[in-house]
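What follows is each chain in one-letter form.
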Amino acid sequence: MTKRPNVLWIMADQLRFDYLSCYGHPHLHTPNIDALAARGVKFNNAYVQSPVCGPSRMSAYTGRYVRSHGSTWNGTPLRVGEPTLGDHLREVGARAVLVGKTHMTADAEGMAWLGIDPSSEIGVRVSECGFEPFERDDGLHPDSPRQRWSAYDDYLVAHGFTSENPWEDFANSGLDANGDLLSAWLLKNSRLPANVPEEHSETAYMTDRAMAFMTEAAKEDSPWVCHLSYIKPHWPYIVPAPYHDMYDETHIVPPIRSAEERQTSHPLMNAYQNARVCQSFARDQVREHVIPAYMGLIKQLDDNLGRLFAWMDAEGHSENTIIAFTSDHGDYMGDHWLGDKDFYHEMAVKVPLIIADPRPEANKTRGQSSDALVEMIDLAPTFMNALGAPAKPHVIEGRDLTPILHDTDGFSRNYVISEHDYHWSDMARTLEQPQENAHTKMIFDGRWKYIRCEGFDPVMFDLLTDPDELNDIGTSMTQEHMDVRARMEAALLTWAARHHTRITATPRVLAGQSKAAESGILIGFWDENEYLEAVGKPFDSLTPVGRG
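**Describing a negative patch on the surface**
- Taken together, the side chains of Asp527, Glu528, Glu530, Glu533 and Asp540 define an acidic patch exposed on the protein surface.
- Along the chain, the position of glutamate 528 falls in helix H20 (residues 528–535).

Right under this line is the structure:
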């Protein structure tokens, strides 16, 4: 056991905050996640920096906003040289280890330009968001080749599940009554049991791999952050027995949407509604097929986390491991007539966040909830603090959550920011938006949610009077709403005008820049007395520039 705590950072892909019982779901009971909240802090207002997997995760792994790291959508590489949590931890002898998904795309061109071998130690770290890949698994598509980075396909084959694509044919497909294989990429097949026993499913497998890592790490002295990153409940929506039929239509919460939303005149929102995935989830038949499977996936996750937490207790890991549980974004599931994610209603951009810190300093906050506005980028500086890494405000844009965990002063935030680049999408094609204009930005201050839609009117909601976000007041002409829009636009401009890319401005560099005269750079001095007053030593003690 190390003197510094370890960190188990659990992330469930596409998990809505309100599909956990500790966040209020009336039918989906998640006792193990609830128990984690009972011994930690549950954050009620945690927001991701983008409602899309890749950019959200790159912000989490760098502690930086999307506009800063530049990985604006899935498949956009995180550029070589962008500092990550793993880089900061290695400086203090700690490890950052991956078990599961990152959605990282390596900057192959940047590595080639710099002559970095992708298979070298540095190349692997650059390719894996700064993590040591104990095991990476980003999932596949129906016609994808075997992943080079994941052993899950080989694991399935070793246990008798053999095909050209085991991930697709077993973990993400089901059998009908005639024994025919049906893919869960078709939503109509979501209610089938996955064609794999639960103990060999992806969620169970990654849980086992996290245990394997901790067992191995216990033999060493280095503290670690283990990022246990589950693919599910992200689509394809299919879950093994017995979870496939635990829930039915009677457990589905009615959709949050209105007829007025359906008749929107906002071009961008109309384009969203007309996208294929949104048209699908706007249909009750689709919701009734998919949501019970989605709930089953979350129940399976909770059970596996219970298995993991019990094992950690028995092995002595719990007493020295901070556990953080969260998601990279949510899922609309037909709310607001939308599907998947990609916009900024609460069910897409707000995520669960629970942090259980076993250290005595956190005793007084156990079981508490915090309403503070927090961002996913706050996790990196929080973990750095716990493992003894110095703060790096010139690089890290997140804010350390330790004051909230330990009930001390030092944390405050007036608003949260999220961004989306939709240039790739049906919406951009429908609207004929060029790449440079196909982006949106959200700023939320706890009441007013303002969304700048480049080229179109803004969208705005007042969550105090309209908590379900059904009434877009982005063009309302009341004086209050106009004043709020002006204030939020100004705050967004102030945020955008900050130093976001000055990551080489270390304290040492800044200190050197403030001592130009002492280093022989003399600008604007009238005489020796003025120099003496400013620098604190006589002019003749300095060898004039150009003389020796």
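After presenting the structure, the write-up continues.
**A look at the packing of aromatic side chains**
- Scanning all chains against the criterion turns up 21 aromatic pairs.
- Summarising the aromatic geometry, the rings of tyrosine 152 and tyrosine 155 are spaced 6.2 Å apart at their centres and angled 15° between planes, so their arrangement reads as stacked. Here tyrosine 152 pairs with tyrosine 155, and both are found in helix H7 (residues 152–158), just three residues apart, close to one helical turn. Of the two residues, tyrosine 152 and tyrosine 155, both sit in the buried class.
- Taking the centre distance of 5.3 Å and the plane angle of 80° together, the rings of phenylalanine 213 and tryptophan 224 count as edge-to-face. Taken together, the residues span a long stretch of sequence, with phenylalanine 213 in helix H9 (residues 202–217) and tryptophan 224 in strand E7 (residues 224–230) at a distance of 11 residues.

**Some words on helix H2 (residues 53–62)**
- Where burial is concerned, most of H2 is hidden: 10 out of the 10 residues are buried.
- Within H2, the full set of buried residues consists of Cys53, Gly54, Pro55, Ser56, Arg57, Met58, Ser59, Ala60, Tyr61 and Thr62.
- On its buried side, H2 packs onto strand E1 (6–12), helix H3 (66–69), helix H4 (85–90), E7 and helix H15 (379–386).
- Looking at the residues trailing H2, positive phi occurs at glycine 63, about 70°.

**A word on the pattern of salt bridges**
- For the structure on display, the rule yields 32 salt bridges.
- One salt bridge connects glutamate 375 with arginine 413, and the closest N-O pair in it is separated by 3.3 Å. Taken together, the residues span a long stretch of sequence, with glutamate 375 in strand E11 (residues 374–375) and arginine 413 in the loop between helix H16 (402–405) and strand E12 (416–421) at a distance of 38 residues.
- The buried category is assigned to glutamate 375, whose relative accessible area is 1%.
- Owing to a relative accessible area of 11%, arginine 413 belongs among the buried residues under this scheme.
- In this structure, aspartate 426 and arginine 429 form a salt bridge, with 2.7 Å as the shortest nitrogen-oxygen distance. In this pair, aspartate 426 and arginine 429 both sit in helix H17 (residues 426–431), three residues apart, roughly one turn of the helix.
- Since its relative accessible area comes to 32%, aspartate 426 is described here as partly exposed.
- Here the residues in one salt-bridge network are Asp13, Arg57, Lys101 and Asp328, joined through shared partners.

**Things to note about the pairing of E1**
- With seven of seven residues buried, E1 is to be regarded as a mostly interior element.
- Burial along E1 is two-sided: Asn6, Leu8, Ile10 and Ala12 facing one way and Val7, Trp9 and Met11 facing the other are all buried.
- Judged from the six bridges that link them, E1 and E7 form a sheet pairing that is parallel. Paired with valine 7 across the bridge in E7 is valine 225.

**Topic: the nonpolar core**
- Of all hydrophobic cores here, the largest spans 66 residues; its most connected members are Trp9, Phe43, Ile355 and Leu401.
- In terms of residues, this core owes the most to one element, H15, which gives five residues.
- Beyond its immediate chain neighbours, meaning those up to four positions away, leucine 401 contacts Phe43, Leu353, Ile355, Val374, Asp378, Leu379, Thr382 and Phe411.
- One finds Trp167, Tyr205, Tyr230 and Val286 within the second-largest nonpolar core, a separate group that totals 60 residues.

**Brief notes about the packing of helix H1 (residues 31–38) against helix H13 (residues 284–315)**
- As a packed pair, H1 and H13 sit with axes 7 Å apart at the nearest point and diverge in direction by 55°. Between H1 and H13, the crossing angle belongs to the class labelled oblique. Within the contact between the two elements, H1 uses Pro31, Asn32, Ile33 and Leu36 and H13 uses Lys299, Asp302, Asp303, Leu305, Gly306 and Phe309.

**With respect to the pairing of strand E15 (residues 459–462)**
- Of the two faces of E15, the one holding Val459 and Phe461 and the one holding Met460 and Asp462 are both buried throughout.
- The hairpin turn running from strand E14 (residues 448–453) into E15, its antiparallel successor, is five residues long, and glycine 455 in that turn takes a positive phi close to 90°.

**A word on empty space enclosed by the protein**
- A full pass over the atoms with the stated rule returns three cavities of 30 Å³ or more.
- Of the volumes computed, that of the largest cavity is approximately 70 Å³.
- Of the residues belonging to the lining of the largest cavity, the class tally is seven nonpolar, four polar and two charged.
- Of the voids in this model, the second largest cavity is the one considered here, and its volume is about 40 Å³.

**Section: the packing of H9 against H13**
- It is the contact of H9 with H13, at a shortest axis distance of 10 Å, that shows an interaxial angle of 20°. Judged on the interaxial angle alone, H13 and H9 are roughly parallel. The handedness of the crossing between H9 and H13 comes out as right-handed. Here Thr203, Ala204, Thr207, Asp208, Met211, Met214 and Thr215 of H9 come into contact with H13, specifically with Gln300, Leu301, Asn304, Arg307, Leu308, Trp311 and Met312.
- Of the residues in the contact of H9 with H13, the class split is seven nonpolar, five polar and two charged.

**Here we look at the layout of surface pockets**
- Taken as a whole, the second largest pocket spans an internal volume of roughly 380 Å³.
- If you go around the second largest pocket, you meet 22 residues; those closest to its centre are Thr264, Ser265, His266, Met269 and Asp472.
- Looking at the lining of the second largest pocket, the elements that each hand over two or more residues are helix H10 (259–262), helix H11 (267–274) and E15.
- The element best represented in the lining of the second largest pocket is H11, accounting for three residues.

**As for the side chain of glutamate 168**
- On the secondary structure map, glutamate 168 appears in helix H8 (residues 166–171).
- One buried charge, glutamate 168, has no salt-bridge partner; the nearest side chain with opposite charge is lysine 232, at 8.8 Å.

Conventions adopted
Residues numbered from 1 in each chain as written. Predicted model: local features only at pLDDT ≥ 70, side-chain atom pairs only at ≥ 80, totals over all residues. Heavy atoms only, no water. Patch = residues over 30% accessible without salt bridge, like charges linked within 9 Å, V, L, I, M, F, W, Y side chains within 5 Å. Areas by Shrake-Rupley, 256 points an atom, 1.4 Å probe, with all protein chains shown as cover. Salt bridge = Lys/Arg side-chain N within 4 Å of Asp/Glu carboxyl O. Lys, Arg positive; Asp, Glu negative; His and termini not counted. Charge placed at Lys NZ, Arg CZ, Asp CG, Glu CD. Helix = DSSP H or I, 4+ residues; strand = E, 2+ residues; numbered from the N terminus. Phe/Tyr/Trp six-rings, centres within 6.5 Å; stacked < 30°, edge-to-face > 60°. Buried < 20%, exposed > 50% of the residue type's maximum accessible area, 1.4 Å probe, protein only. Contact = heavy atoms within 4.5 Å. Pairing = 2+ DSSP bridges. Core = buried A, V, L, I, M, F, W, Y, C linked by side-chain atoms within 4.5 Å. Axes fitted to C-alpha atoms, helices over the stretch in contact; angles between N-to-C directions. Parallel < 35°, antiparallel > 145°, perpendicular 65-115°, else oblique. 1 Å grid on protein atoms, 1.4 Å probe; cavity = no way out; pocket = protein on both sides within 12 Å on 5 of 7 lines; lining within 4 Å. Points joined across faces, edges and corners; volume = space filled by probe spheres on them. Nonpolar A, V, L, I, M, F, W, Y, C, P; charged D, E, K, R; others polar. Left-handed = near helix turned anticlockwise from the far one by under 90°.

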